[in-house]
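Summary of the model geometry
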Amino acid sequence: MKKSEETIDALGLWNMGDGSFHSLLSPSAAKAIIRKAWKEGIRAFDSAFSYREADSLLYSALREMNAERCDYAIWSKVMAVPTLERKALSSLKRLGTDHFDILMLHWPTKDENLFPALKTLERMKDEGKAIEIGVSNFPLPLLEKVSRDFQLSYHERPLSLIWTREWEEERKLSLKTIAYGPGGLGLLGGKYSPQTPPQDRRQDNEAFKSEYFPILIDKMKEIALKHSLTLYETAYSFVYSMNPWAIVRGISKAEDTKIRKCVLDQEDMDSLSSLSSLIVSTYSKDNIFAHSWS
């Protein structure tokens, strides 16, 4: 396989400011990861208003390294609520900057706030507070509609061996995909099994409970050995080989910042994709976090 373009590697700040899903990093650990990521060449940082202190930690770490604003990109997300602009401006203040490189709606909503929020994003772009705008976690039918009606350039979505739903259809749209969760929320690293599940909400994940999940892990081990990769690196390489515009990685240890990756051959991709499709077909919801917006 050949990639049509190089995929951007971005650092996700979720675990630096929000502990509702996974362990919250200490400020010192978070800044150490940011510094290590910078040394490894990562220049894009994915945040959100709901990540609380992650914005301030990023600003502090970059300031300590004397990083110039023109040398890095900040992507952020805000919920589609009437206070969207106020929250976005609050994030800008915490980040010590006057603009986002990309500003997105964090989640879709079925209420009357959605389209006014998208219009607010467009106005903030026109005013220079955001260079580009987009949405995050939108199901395909809604994504198709808003991408026609608004000046959107990006969609941030989960993409991994346990979540490929709507990917083939979505990639036909004129949007750049920012993929997050290449490690399947940590489930694809080989640490957990149905016998020793994670002691958090991930143990209830439909993919993890699928009869095909252990078969997928075995196939990943085979491919990992073939390419001298870890299981996580194999999971990342699968998403990397799908050629999204960017991949956001969540990192919990500074020493894990640098990873090996490769473009998997067609045989590897076909075998992994087949198992992935079997797993994804078991989901009853339209998002890996068990949300449904239909």
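Before reading further, recall that the structure is shown in the block above.
All of the points below concern the structure found in this document. Source: prediction; values computed, not measured. (Residues numbered from 1 in each chain as written. Predicted model: local features only at pLDDT ≥ 70, side-chain atom pairs only at ≥ 80, totals over all residues. Heavy atoms only, no water.)

Our next topic: the pairing of strand β1 (residues 8–12). Each regular strand shows side chains that alternate between the opposite faces of the sheet. Counting buried positions over the 5 residues of β1 gives 4, a clear majority of the element. When β1 meets strand β8 (residues 246–250), the two strands line up parallel, connected through 5 bridges. Looking across to β8, one finds that A10 is bridged to V248. Note: β1 against strand β2 (residues 44–46), 3 bridges, orientation parallel. Its bridge partner being in β2, A10 is matched across the sheet by A44. (Buried < 20%, exposed > 50% of the residue type's maximum accessible area, 1.4 Å probe, protein only. Helix = DSSP H or I, 4+ residues; strand = E, 2+ residues; numbered from the N terminus. Pairing = 2+ DSSP bridges.)

The next thing to look at is the packing of helix α8 (residues 213–227) against helix α10 (residues 266–280). Relative orientation of the contacting elements α8 and α10 amounts to 160°, with a least axis distance of 10 Å. Judged by the inter-axis angle, α8 sits roughly antiparallel to α10. The interaxial crossing formed by α8 with α10 has left-handed handedness. Taking contact as the criterion, the partners of F213, I215, L216, K219, M220, I223, K226 and H227 in α8 are, on α10, D268, S271, L272, L275 and I279. Across the contact of α8 with α10, the residue classes break down as 8 nonpolar, 2 polar and 3 charged. (Axes fitted to C-alpha atoms, helices over the stretch in contact; angles between N-to-C directions. Parallel < 35°, antiparallel > 145°, perpendicular 65-115°, else oblique. Left-handed = near helix turned anticlockwise from the far one by under 90°. Contact = heavy atoms within 4.5 Å. Nonpolar A, V, L, I, M, F, W, Y, C, P; charged D, E, K, R; others polar.)

Moving on: the pattern of salt bridges. What the rule picks out here adds up to 19 salt bridges. R123 serves as the salt-bridge partner of E127, at 3.3 Å between the closest nitrogen and oxygen. A relative accessible area of 42% means that E127 is categorised as partly exposed. Here E132 makes a salt bridge to K125, at a shortest N to O gap of 3.5 Å. For K125, a relative accessible area of 23% translates into the label partly exposed. Counted as one network, the salt bridges with shared partners bring together E85, R123, E127 and K129. (Salt bridge = Lys/Arg side-chain N within 4 Å of Asp/Glu carboxyl O.)

Let us now look at the pairing of strand β3 (residues 73–78). Here β3 lies mainly inside the structure; 6 of its 6 residues are buried. Side chains A73, W75 and K77 of β3 all project onto a buried face; the interleaved residues I74, S76 and V78 project onto the opposite face, where all are buried too. Pairing of β2 with β3, which is carried by 3 bridges, proceeds in the parallel orientation. Across the sheet, the residue bridging to D46 is W75, located in β3. Read from β2 through helix α3 (residues 54–64) to β3, the crossover connection turns out right-handed. Pairing between β3 and strand β4 (residues 100–105): 4 bridges, direction parallel. Note that in β4 the partner of W75 across the bridge is I102. Handedness of the crossover is the feature at issue here: the chain leaves β3, passes through helix α4 (residues 84–95), returns alongside β4, and the resulting connection is right-handed. (Right-handed = clockwise from strand over helix to strand, strands pointing away.)

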